[in-house]
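Residues per chain, in single letters:
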Amino acid sequence: ADPGRKQDCFQGAKFLLRLLESIGAEVKLAPTMEGKNPLVMGRIGNDPALKTITFYGHYDVQPAMEPDWSHYPFELHAKDGYYIGRGVSDNKGPILAFIFAVREMLEELRYSEDGSGKMPVNVAFLFEGEEENGSIGFKEAVQDNIRWFEGTEAIFISNTLWVGEAHPC
């Protein structure tokens, strides 16, 4: 939403692209509209006999307009066992949880009895950088790259605030 942060968003997209590559995903940065943040797409597995699970999230955040930040909001800070920073729970933390959960599953499968490292499903990742701006260009970019999501049976979305220790999010 803040044009002055466009380069930060692009850096975030490149970070996600490299992270997905590091777990063995085929990856792509897909433009949405001129001057808008790209989609980050990744895929692990392309077996038509398997279902595909797609993880969706957004890597951009709203500007930090609240006056009560104790530290600069765009630098991660740890306090009392918690991470504090703009977008930690909406939506950067959940995106990382998706990626690291899949990475953990791949590691467990690699060391399983058959050692195949093969997931029981295909996994697709779809992360956008315009959700806080109304997903401008999202539909068209997904349609232009629909093959990345073939076979999708379920889409996991985590786009929420962390509401507390006793409430699932």
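Heads up: the structure comes first, above all this text.
Keep in mind it's a predicted model, so treat the numbers as computed, not measured.

Asker: It is not clear to me how the environment of A49 should be interpreted in this structure. Could you clarify?
Answerer: Looking at where A49 falls in the secondary structure, it is placed in the loop between strand 2 (39-44) and strand 3 (52-58). A relative accessible area of 70% places A49 in the exposed class. In this structure the C-alpha to C-alpha distance between A49 and V121, which are 72 residues apart in sequence, comes to 9.0 Å.

Asker: I keep staring at the pairing of strand 7 (residues 152-157) and nothing clicks. Help me out?
Answerer: The side chains of a regular strand alternate, first on one face of the sheet and then on the other. Burial analysis of strand 7 places just 0 of its 6 residues in the buried class, which makes it a mostly uncovered element. Pairing analysis gives 5 bridges linking strand 3 to strand 7, with the strands arranged parallel. Paired with F55 across the bridge in strand 7 is F156.

Asker: What is the right way to read the layout of surface pockets from this model?
Answerer: Taking a probe equal in size to a water molecule and rolling it over the atoms shows the remaining empty space. If you add up the space inside the largest pocket, you get close to 1500 Å³. Together, 45 residues line the largest pocket, and V61, R86, G87, V88 and K92 are the ones closest to its centre. For the lining of the largest pocket, the elements supplying multiple residues, two or more each, are helix 1 (6-22), strand 5 (82-84) and helix 2 (88-110). Residues that form the lining of the largest pocket fall into these classes: 21 nonpolar, 12 polar and 12 charged.

Thresholds, definitions, all that
Residues numbered from 1 in each chain as written. Predicted model: local features only at pLDDT ≥ 70, side-chain atom pairs only at ≥ 80, totals over all residues. Heavy atoms only, no water. Helix = DSSP H or I, 4+ residues; strand = E, 2+ residues; numbered from the N terminus. Buried < 20%, exposed > 50% of the residue type's maximum accessible area, 1.4 Å probe, protein only. Pairing = 2+ DSSP bridges. 1 Å grid on protein atoms, 1.4 Å probe; cavity = no way out; pocket = protein on both sides within 12 Å on 5 of 7 lines; lining within 4 Å. Points joined across faces, edges and corners; volume = space filled by probe spheres on them. Nonpolar A, V, L, I, M, F, W, Y, C, P; charged D, E, K, R; others polar.

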